[in-house]
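Spelled out, the chains give:
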Amino acid sequence: MLTIYQQQKKGTRLTMPWTSPATFIPGQIIAAADLNSQLRDNELYLLAGRPVGYVVRQGLADYVTSSTSFVDVDAANVILTLTLNGSRALVIATGTMEAPVGQDMYFDWIVDSTTRAGGSSGVSQSNNNNQRQPFSAIGFFSGLSAGVHTFKLQYRSASGAATLHNNGQPLTLFGVEI
């Protein structure tokens, strides 16, 4: 059974993005519109308007790689898209993995196919000797431009075939602007 969910938080999302705080001067007359954008809208944005996205993928087959360089887990289905108003995002992946005996498996995030969250070891590393175990991979990105960004989970093996289980076991991606 293939189940994919992708959601950009709607309903509570504001149509207006964050407004940089104004610097008021003594004697300045503050209008209702000023208060609305500076106080109400910005507080709503901070508390309820930040973009949130998630994907739950439960496929029919596991993902397997023998690559020693980071590659996309699934360039078509394991993708998280967020439309940011600010410049920072936190992305998280959880699932079940299995590395070859005596070898490590590595996970990392890449945004817009250009910028990686971690270094050569990624953001998560595990050695589990051919036993299934849960993993998590957390990536933090800053300095992003406002607009649409695509986050992909990538993985690699130190040596041998490493498996990311997806046959009956969900792979979950979650992202939020922070």
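Our subject in this report is the structure included herewith.

**Some words on the pattern of salt bridges**
Part 1 of the argument: In the structure shown here, the tally under the stated rule is five salt bridges.
Part 2 of the argument: Here Asp 72 makes a salt bridge to Lys 152, at a shortest N to O gap of 3.5 Å. Of this pair, Asp 72 sits in strand β4 (residues 71-72) while Lys 152 sits in strand β11 (residues 147-157), and the two are 80 residues apart along the sequence.
Part 3 of the argument: Among the residues examined, Lys 152 registers a relative accessible area of 14% and is labelled buried.

**Things to note about the pairing of strand β13 (residues 171-177)**
Part 1 of the argument: Across the seven residues that make up β13, a large majority, five, are buried.
Part 2 of the argument: As judged from the six bridges shared by strand β2 (residues 52-57) and β13, these two strands associate in the antiparallel manner. Bridge assignment links Arg 57 to a residue of β13, and that residue is Leu 171.
Part 3 of the argument: Inspection of the sheet shows strand β6 (residues 89-98) paired to β13 by six bridges, in the antiparallel sense. Note on β13: the bridge partner recorded for Leu 90 is Val 176.

**Things to note about unusual backbone geometry**
Part 1 of the argument: Its identity as a non-glycine residue notwithstanding, Asp 112 has a phi of 55°, on the positive side.
Part 2 of the argument: Mapped onto the elements of the fold, Asp 112 is located in the loop between β7 (105-111) and β8 (115-116).
Part 3 of the argument: Its identity as a non-glycine residue notwithstanding, Ser 113 has a phi of 60°, on the positive side.
Part 4 of the argument: Looking at where Ser 113 falls in the secondary structure, it is placed in the loop between β7 and β8.
Part 5 of the argument: Overall, the relative accessible area of 49% leaves Ser 113 in the partly exposed class.

**Thoughts on the packing of aromatic side chains**
Given two aromatic rings, one states the distance between the centres and the angle between the planes to describe the pair.
Part 1 of the argument: In this structure the tally under the stated criterion is two aromatic pairs.
Part 2 of the argument: On the numbers, 3.9 Å between centres and 0° between planes, the contact of Phe 107 with Phe 135 is stacked. Here Phe 107 is found in strand β7, whereas its partner Phe 135 is found in strand β10 (residues 133-141), with 28 residues between them in sequence.
Part 3 of the argument: With relative accessibility at 1%, the residue Phe 107 sits in the buried group.
Part 4 of the argument: You can call Phe 135 buried: its relative accessible area is 7%.
Part 5 of the argument: Taking NZ or CZ as reference, Arg 156 lies 5.5 Å from the ring centre of Phe 70, over its face.

Calculation criteria
Residues numbered from 1 in each chain as written. Predicted model: local features only at pLDDT ≥ 70, side-chain atom pairs only at ≥ 80, totals over all residues. Heavy atoms only, no water. Salt bridge = Lys/Arg side-chain N within 4 Å of Asp/Glu carboxyl O. Helix = DSSP H or I, 4+ residues; strand = E, 2+ residues; numbered from the N terminus. Buried < 20%, exposed > 50% of the residue type's maximum accessible area, 1.4 Å probe, protein only. Pairing = 2+ DSSP bridges. Phe/Tyr/Trp six-rings, centres within 6.5 Å; stacked < 30°, edge-to-face > 60°. Lys NZ or Arg CZ within 6 Å of the ring centre and 35° of its normal.

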